[in-house]
Amino acid sequence: MKKNARNSKDTVLVTGGAGYLGSHTSVALLEAGYNVVVADNLINGYEENVKKVEEITGASVTFYRADVTDEQALQKIFAEHSFDAVMHFAGLKSVKESFARALDYYHTNVSGTATLAKVCNAFGVKKFIFSSSATVYGENQVPFTEHMPLKPTINPYGETKSMCERVLQDFSLMNPEFSIAILRYFNPVGAHASGKIGENPRGIPDNIMPYITQVATGKLERLHIFGNDYETPDGTCIRDFVHVMDIAEGHVKTMEHLDGGAVVYNLGTGKGTSVKELIYTFQQENNVRVPHEFAARREGDIEICYADTGKVNREIGWRAARTVADMCRDAWQYELALMKEKATLLEASRGGGTFIDMEKKV
Ligand SMILES: NC(=O)c1ccc[n+]([C@@H]2O[C@H](COP(=O)([O-])OP(=O)(O)OC[C@H]3O[C@@H](n4cnc5c(N)ncnc54)[C@H](O)[C@@H]3O)[C@@H](O)[C@H]2O)c1
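If you're wondering where the values come from, they're calculated on a predicted model, not measured in any experiment.

Asks: Got a sec to walk through the overall build of the protein? Specific residues and values, please.
Replies: Helices and strands together make up the secondary structure of the protein, namely twelve helices and 13 strands. A compact globule built from 362 residues should have a C-alpha radius of gyration of about 21 Å, and the protein, at 21 Å, falls within 12% of that. When the backbone C-alpha atoms are referred to their principal axes, the protein occupies close to 65 × 60 × 40 Å. For the protein, the residues scored as buried account for 52% of the 362 residues in total.

What follows is the structure, given as structure tokens:
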């Protein structure tokens, strides 16, 4: 039976809630007793994820198929609910694709954010949490701290994120009652421990973890590690991998601490893990092989990227709790669950499942 969220708690609009980070954050919100409304145009998300969120939490979610650049569609949604906060995940996120589709990226990410903020302003919604990215730091000295000058020019995607930050900061100057948190994620990976939701990209994955899991299942032949001659202990790039549920819980905690003005926080673990270490941990933790080989460096990749998490630790008490082994295990459990689900669907479409049921009935 579906339970309602605690009456005393607020309602949060989660844009992009049918996608990877938005669905996990919806779980964290519902588990903390908030009501969740999702708006997503499904360009890269799945309505099924919203149903899975309901299954995990036993709570119901209102879903709208809507585009965040469509002001009228947003106005209709805002008119039907009384939102206490908005978490804005909806956007286009592929660095590679952003070179070929720069205008789409500026339109969806920058215009979408400005349109949503405008509608929040019109309806008196005063809390806004924005999905930014460590990409905005570009080539900088590690660990990356929130007050560093940004250098997002390495790709159009990074530029859009930096522009969105600027749009929101300017908006908060205009309206000091409006509370904004800009959360710069490092490398979110992993999945909910239930195996029901996780990272499920369309086509060939851009991000490393779904690539690893698909190589491990044999769906992809091998993983290419771009560069083994970096100035790092094992020669491969270093990243700050952070569990998606830690990120999700970071959103709830941030929202509960919003108190006027604009704040910026890094969401990472503060520890660097090399690409090679990630693959070895994945193999060891899951007892599975991930065939891999080294390839030339990829243009635009920075050598080392990890967060200084001091500010978010001190100011809101958030700290990533899960390990790289947890990230590898949960991502693999999700991939296995996904494969099982696909096999069941295939069998059913061939008449397998139905045939057995009919036999039993006869
Ligand atoms: N996953 C990462 O590694 C990462 C890292 C840093 C920042 N981010 C940011 O976090 C946010 C969420 O990322 P994700 O990994 O969950 O991506 P995702 O693609 O899984 O989720 C984004 C969701 O937004 C929806 N969407 C896209 N354009 C839309 C539009 N115009 N209107 C309504 N819905 C729209 C998509 O259908 C999708 O469900 C993005 O803004 C991304 O830039 C992600």
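Asks: Report on the sheet that holds strand β11 (residues 261–267), specifying residues and quantitative values.
Replies: If you walk across this open sheet you meet the seven strands as β3-β2-β1-β4-β5-β6-β11, and the pairing is parallel. At either end of the open sheet lies a strand with only one pairing partner, and these are β3 (61–65) and β11. Each strand of the sheet is rotated relative to its neighbour by a mean of 20°, with strand direction disregarded. Along the sheet, helix α2 (residues 47–57) makes contact with β2 (35–40) and β3, crossing β3 at roughly 175°.

Asks: Describe the site of the ligand, naming the residues involved and giving the relevant values.
Replies: Taken together, 27 residues form the shell around the ligand, and within it Leu21, Asp40, Asn44, Lys93 and Tyr157 come nearest. Ile43 places a main-chain nitrogen or oxygen 3.1 Å from an oxygen atom of the ligand. A total of 820 Å² of accessible area belongs to the ligand in isolation, and the protein chains cover 96% of it. In terms of residue count, strand β5 (residues 127–133) provides more of the shell around the ligand than any other element does, three residues in total.

Asks: I'd like a rundown of the nonpolar core, residues and numbers included.
Replies: One finds Val12, Leu29 and Met255 to be the most contacted residues of the largest nonpolar core, which totals 40 residues. Beyond its immediate sequence surroundings of up to four residues, Met255 is in contact with Val12, Leu29, Tyr34, Ala85, Met87, Lys127 and Ile129. By size, the runner-up hydrophobic cluster in this structure holds 25 residues, among which are Phe78, Phe83, Val86 and Cys120.

Asks: Could you give an account of the environment of Asp259, naming the residues involved and the relevant values?
Replies: Along the chain, Asp259 turns up in the loop between α8 (244–257) and β11. Overall, Asp259 belongs to the exposed group, its relative accessible area being 72%. On a C-alpha basis, the gap between Asp259 and Ala191 in space is 30 Å, while along the polypeptide they are 68 residues apart.

Asks: How would you explain the packing of aromatic side chains if you had to name every residue and give the values?
Replies: How two aromatic rings sit relative to each other is set out by the distance from centre to centre and by the angle between their planes. One pass over the structure, following the stated rule, counts eight aromatic pairs. Taking 6.3 Å as the distance between ring centres and 40° as the angle between the ring planes, the aromatic pair formed by Phe144 and Phe186 counts as tilted. Here the residue Phe144 occupies a position in the loop between β5 and α6 (156–174), and Phe186 occupies one in the loop between β6 (179–185) and β7 (187–189), the gap between them amounting to 42 residues. Chaining the aromatic ring pairs together yields one cluster made of Phe78, Phe83 and Phe123. Across from the ring centre of Tyr46, 4.4 Å away, lies the NZ or CZ of Arg202, which sits over that ring. Positioned above the aromatic ring of Tyr230, the side-chain terminus of Arg297 is 4.0 Å from the ring centre.

Reading the values: the criteria
- Residues numbered from 1 in each chain as written.
- Predicted model: local features only at pLDDT ≥ 70, side-chain atom pairs only at ≥ 80, totals over all residues.
- Heavy atoms only, no water.
- Helix = DSSP H or I, 4+ residues; strand = E, 2+ residues; numbered from the N terminus.
- Rg over C-alpha atoms; globule rule 2.2 N^0.38 Å.
- Buried < 20%, exposed > 50% of the residue type's maximum accessible area, 1.4 Å probe, protein only.
- Pairing = 2+ DSSP bridges.
- Axes fitted to C-alpha atoms, helices over the stretch in contact; angles between N-to-C directions.
- Contact = heavy atoms within 4.5 Å.
- Near = heavy atom within 4 Å.
- Polar contact = N/O pair within 3.5 Å; in protein donor to acceptor, adjacent residues only side chain to side chain.
- Areas by Shrake-Rupley, 256 points an atom, 1.4 Å probe, with all protein chains shown as cover.
- Core = buried A, V, L, I, M, F, W, Y, C linked by side-chain atoms within 4.5 Å.
- Phe/Tyr/Trp six-rings, centres within 6.5 Å; stacked < 30°, edge-to-face > 60°.
- Lys NZ or Arg CZ within 6 Å of the ring centre and 35° of its normal.

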